[in-house]
Amino acid sequence: MTESKNTLAVRVNVEMTPASLQAIVENAKKIAGISDKGYYTVDTADKVNEMISRFLLEKDFESYVMNIENYEQ
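Residues numbered from 1 in each chain as written. Predicted model: local features only at pLDDT ≥ 70, side-chain atom pairs only at ≥ 80, totals over all residues. Heavy atoms only, no water.

**Q** If you had to explain the packing of aromatic side chains to someone new, which residues and values would you point to?
**A** For the coordinates displayed, the defined rule picks out one aromatic pair. With centroids separated by 6.2 Å and ring planes inclined at 20°, the aromatic side chains of Phe61 and Tyr64 adopt a geometry described as stacked. On the criterion of helical spacing, the pair formed by Phe61 and Tyr64 is a turn pair, its members being three residues apart in helix H3 (residues 61-66). Classification of Phe61 by relative accessible area gives partly exposed; the value is 38%. Take Tyr64: its relative accessible area is 44%, and that puts it in the partly exposed class. (Phe/Tyr/Trp six-rings, centres within 6.5 Å; stacked < 30°, edge-to-face > 60°. Helix = DSSP H or I, 4+ residues; strand = E, 2+ residues; numbered from the N terminus. Buried < 20%, exposed > 50% of the residue type's maximum accessible area, 1.4 Å probe, protein only.)

In structure tokens, the structure reads:
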């Protein structure tokens, strides 16, 4: 992560575009490479978690949720 903050792991369902998920999976596989047995050496679900968590920290999700006006639709 970009900062050292006290965080909690929260299991939720997140809506994202198929293109976003596809990009995370493809890029994670490119970076990780393939093992000797022909398997990718990355857990793509963990990479999705990492990408979303990093985005929330970097974009200051904490301040966003503290503003009550963001709860109105």
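From this point, the narrative continues.
**Q** How would you summarise the packing of helix H1 (residues 18-32) against helix H2 (residues 44-58) if you had to cite specific residues and measurements?
**A** Running from N to C, H1 and H2 cross one another at 115°; their axes reach a closest spacing of 9 Å. Taken as a pair, H1 and H2 cross one another with a handedness that is right-handed. Between H1 and H2, the residues in contact are Leu21, Ile24, Val25, Ala28 and Lys29 and Thr44, Lys47, Val48 and Met51, respectively. Taken together, the residues that form the contact of H1 with H2 break down as six nonpolar, one polar and two charged. (Axes fitted to C-alpha atoms, helices over the stretch in contact; angles between N-to-C directions. Left-handed = near helix turned anticlockwise from the far one by under 90°. Contact = heavy atoms within 4.5 Å. Nonpolar A, V, L, I, M, F, W, Y, C, P; charged D, E, K, R; others polar.)

On their own, these measurements won't tell you what the molecule is for.
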